[in-house]
Amino acid sequence: MSSATERVAARLPDNDAVLILGVLFGLYVGFTVLGMALGLDIAGLASTLQRITFFAAVYALLALALNLQWGYAGLLNIGVAGFMAVGVYTMAMLTAPASPAAGGVPGLGLPLWVGVVGGMVAAALVGALAALPALRLKADYLAIVTLGLSEIIRLTYNSTTFQTFSIAGADLGTGASQGIQTPTNPVMALYYTTPSSPAAGKTGLGEAVFGFFKTLGLDEPVVVDWTYTIVLVIFVGLFYLLLTRVGNSPFGRVLKAIREDELVASSLGKNTNRFKIKTFMLGCALMGLGGILWQGSQQLVNPALFLPIITFYVFIALIIGGSGSNTGSVIGGALFAGLLFEGPTFVRRLVQQTVDLGGAPNTFTDAIAALGSLDVGPLLAYTLADVSSLRFVLVGVVLVYLVQNRPDGLLGHRKETAAAVSLARERTAAGQADGGETEVDDE
Amino acid sequence: MCTHIMGIAETYSRGRSVVAERPLTLLVAVVCVLLAVDLVSKLLGGSLSVLSLAVFLKDGLILGLVIGLAGVGLSMTYSILGFPNFAHGDYISSGAFAGWATTYVIAGFGTVSVGDLLLLGVSGDASAGSVGVSVVSTPLAVVAGLVMAVVFTIALTLLIDRLVYKPMRDQEGISLLIASVGVALALRYLIAFVFGTSRPGITGGSIPGIAVPGVGIRINAHEATLAICAIGLLVGVHVVLQYTKLGTAMRAMADNRDLARVTGIPTERVVRATWVIGGGLTGAAGYLITLETGTIAFDFGWVLLLLIFAAVILGGIGSVYGAMFGGLLIGLASTVSLVWIPSDFTTVAAFLVMIFMLLVKPSGLFGGVTTA
């Protein structure tokens, strides 16, 4: 984990690397303290931190992809979940075995890499389809169209019509609401001779690594999960590098110009429509890959995993960090996963373990009725039992708060400038000390 | 020289975009004609009975009336405040829950404990069978519930406007859109927190109906109530917007807010009036659709929201008649499409109608006419 982060960090400007590592470190310390208070052993702590890192990484991936569309080009896409679904489902349908075990869905049985590339291409093509109306519509119309499209995609995968069907003699299907199996996680091949059945035996590396972590008290699944999480973190680094490159290229400068003033960009002879379509397609391909890396690693996907709420989660992650900033996207993903997504459940566990509130009442009115006899316990117990609903309320309130008070995200104004050269350095050279600011507002 | 070339390029691309635009309109027209011909041939050939078509039409009209009713509020706030309100669907749910809690307390008082009645059987011990609400057996409770749904939704929209949207009045539409997503999440899951997440039946007892002579379909009392209330409310809105000063002020504000303020229109008061009318209609729509479908769930308004957006876009944002007409079209599209496609694609059909409308005529059928 740390070596991967360091490798990524070495490529980042100092300030941003410190920020990202600081946020991760803060989350780790926080959850370690919470976990120790809960009485978790070393294996429990390791798997807790793995969960946090996993979700931080997947939300960072998706927030980075969304940042390309919204932060750079100003295209408001609220169909993220739909493009993820296209990526994962295409990958699953291409790679599923042609003659599956009982209850499975037949596929084309192609190798994994074909599935991943196919998934990204399919997501990009669907993105191009959505970008078509984007060219002539206002941003809020695009929002509605992409939301509608993501629901069309989900309902199509959910439909029994395509549960199994055949094209040109090949049987394949979506599995409808039961879902479709995804390939065995390739990191299993590092440790096991037969990736699909761990019982069959371990590779040399597997023996060594498992043996080492066994002495620390960590079981095989924890080690495997951590390995895959490190792969995800490496992908976050790759996404970051790619998007930074795109953002600083001449292509990216045109995108920023479109975001600031599309009329000016097109008066300068740039075909803004073509730039928008390309950006939208690249963003959708990355969302497809993000979906594959996240849901594709969970053995089974079904349409219920791609409800619009996932899109809003990604949005909140991006807004927390501040749209327009890649560093912000990563930090936003980590903070969202840690504080809003996993935090409430841990707090509930901690409170339930330390305070004995008695059994939770069955209904809200029972809990309120107890207030009449000045007993707050039942209401608290009910609240804790139903913390999963309140988590969404918290997410909504945070979203409203951020838009009202911190529209530029927690890091403040970090939109990258549209200029080719760093304006900040120029100013410092001219003797106007700028303090700690690295970016300069170009508006 | 250079500008000359650019001029040619521009003319060329404009010409190309016209060529690209026409076939699409043409395509839509051809598809519509083909579907109509196919429908007639199916009717004549006997593969589609007149009865089932009549049922599709009736269901579509009823759904369309509710969508239209809820769509008017969305359309008004969209044009006057300048953002698509994603919390609108959850206003529908909020109104329905408040109204039906009132109805249950009145109708079931004494038989089941008030605490359980308030929760509508979503959680707790009340059930549709034990309370037995219908417009025939407990008319007073239903009327009280409808009034409560309207009043509660108005109060809720005003409160949320005060807390969330008013401080952001000067910001651009996208920020407001994102804030409304936050409001939607908070509202929906507050309902889930208080009531629970199951989807129980809500009306009970037998509901009388009348058979329409000739076709053989039945219209029951709840469908009739919905149709009468919805049409009455829509006519009321039409009168208010067409014949009062408020309607003129709204049109002026939708057109140019700064100009309206300069000319002395009290814009804040107009905004409040917009929320009152829009919120009231939305609450009524939520209550009435629950009466007609006979079930309630914490997220039913959110599920309806995309259909309502489709209706509003189809009719043209800001146009009240557009919202009504678009609602009917979307309602019909999602039921009559059953003639050709399996039932799990009806919502897809409605969304596709919306997306095609945006491609062919982004300003909508009644585009250009704002708030009246």
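Note that this is a predicted model, so its numbers are computed, not measured. (Residues numbered from 1 in each chain as written. Chains lettered and ligands numbered in written order. Predicted model: local features only at pLDDT ≥ 70, side-chain atom pairs only at ≥ 80, totals over all residues.)

1. Observations concerning the overall build of chain B
Looking only at helices and strands, chain B features 14 helices and two strands. The dimensions of chain B, computed from C-alpha atoms along their principal axes, are 90 × 60 × 40 Å. Counting all 372 residues of chain B, 49% fall into the buried class. Long-range pairs, those at least 24 residues apart, make up 77% of the contacts in chain B with a sequence separation of at least 6. (Helix = DSSP H or I, 4+ residues; strand = E, 2+ residues; numbered from the N terminus. Buried ≥ 20, exposed ≤ 12 C-beta atoms within 10 Å, placed from the backbone. Contact = placed C-beta atoms within 7 Å.)

2. Describing the overall build of chain A
Secondary structure assignment for chain A yields 18 helices and four strands. Going through the 443 residues of chain A one by one, you find that 43% of them count as buried. Across chain A, every contact between residues at least 6 apart in sequence was considered, and the portion connecting residues at least 24 apart equals 70%.

3. A word on the confidence of the model for chain A
Residue and element names in this part refer to chain A. Mean pLDDT over chain A stands at 82; residues scoring 70 or higher make up 88%. Ranking the elements of chain A by mean pLDDT puts helix α18 (residues 423-429) last with 49 and helix α4 (residues 80-95) first with 93. Segment residues 426-443 is flagged for pLDDT under 50; beyond a separation of four residues in sequence, or across chains, it makes 21 contacts in the model. (pLDDT = per-residue confidence, 0-100.)

4. Looking at unusual backbone geometry
Comment: phi is negative for the bulk of residues other than glycine, and the bulk of peptide bonds are trans. In this structure, Gln299(A) is a non-glycine residue whose phi angle is positive, near 70°. Locating Gln299(A) in the fold gives a position in the loop between α12 (272-294) and β4 (300-301).

5. Thoughts on the confidence of the model for chain B
All names here are of chain B. On average, residues of chain B score 84 in pLDDT, and 92% of them are at 70 or above. Of all helices and strands in chain B, the one with the weakest mean pLDDT is helix α1 (residues 2-45) (71), whereas helix α6 (residues 139-165) scores best (93). Interface predicted TM-score (ipTM) for the complex: 0.83; the corresponding pTM is 0.85.

6. Concerning the nonpolar core
Considering soluble globular proteins, one finds that nonpolar side chains tend to be buried as a cluster. Counting residues in hydrophobic clusters, the biggest one holds 233 residues, and the most contacted among them are Tyr59(A), Val314(A), Val66(B), Leu69(B) and Ala310(B). By size, the runner-up hydrophobic cluster in this structure holds five residues, among which are Tyr191(A), Tyr192(A), Val224(A) and Trp226(A). (Core = buried A, V, L, I, M, F, W, Y, C linked by C-beta atoms within 7 Å.)

7. Structural notes on the interface of chain B and chain A
With 40 residues of chain B at the interface, the matching set in chain A holds 41 residues. If you list the elements that add at least two residues to the side of chain B that touches chain A, you get α4 (114-118), α7 (173-195), α12 (300-315) and α14 (346-360) of chain B. The greatest single-element share of the side of chain B that touches chain A, amounting to 16 residues, is contributed by α7(B).

8. Regarding α7(B)
All names here are of chain B. Taking 1.5 Å per residue, 23 residues should reach 33 Å; α7 reaches 33 Å between its end C-alpha atoms and fits that length. Of all 23 residues that make up α7, 19 are buried, and the element is covered over most of its length. Gly196 sits one or two positions beyond α7 and adopts a positive phi of about 110°. (Expected span 1.5 Å × (residues − 1).)

9. Digging into α12(B)
Residue and element names in this part refer to chain B. End to end, α12 covers 23 Å across 16 residues, agreeing with the expected 22 Å (1.5 Å per residue, within 8%). The largest bend in α12 comes to about 30°, at Leu306. Taking burial as the measure, the 16 residues of α12 include 15 buried ones, the bulk of the element. Backbone geometry just downstream of α12 places Gly316 in the positive-phi region, at approximately 105°. (Bend = angle between axes of the 7 residues up to and from the residue.)

10. Describing the packing of helix α10 (residues 250-260) of chain A against α12(A)
Residues and elements named next belong to chain A. Where α10 contacts α12, the axes come no closer than 10 Å and their chain directions differ by 110°. Classified by the interaxial angle, the pair formed by α10 and α12 is roughly perpendicular. Residues Val254, Leu255 and Ile258 of α10 form the contact with α12, whose participating residues are Thr272, Phe275, Lys276 and Thr279. (Axes fitted to C-alpha atoms, helices over the stretch in contact; angles between N-to-C directions. Parallel < 35°, antiparallel > 145°, perpendicular 65-115°, else oblique.)

11. A short note on the environment of Val86(A)
Residue and element names in this part refer to chain A. Mapping Val86 onto the fold places it in helix α4. Owing to 29 C-beta atoms within 10 Å, Val86 belongs among the buried residues under this scheme. For the pair Val86 and Met287, spaced 201 residues apart in the sequence, the C-alpha separation amounts to 9.3 Å. Beyond its immediate sequence surroundings of up to four residues, Val86 is in contact with Ala122, Ala123, Val126, Ile153 and Gly288.

12. A few points about the environment of Gly201(A)
You can see Gly201(A) is positioned in the loop between α7 (188-191) and α8 (204-216). Along the sequence, Gly201(A) and Ala367(A) sit 166 residues apart, while their C-alpha atoms lie 54 Å from each other.

13. Remarks on the environment of Ser343(B)
Residue and element names in this part refer to chain B. As for its placement among the helices and strands, Ser343 is situated in the loop between α13 (320-336) and α14. Exposure remark for Ser343: the 11 C-beta atoms within 10 Å place this residue in the exposed category. Expressed as a C-alpha distance, the spacing of Ser343 and Gly89, which sit 254 residues apart in the sequence, is 23 Å.

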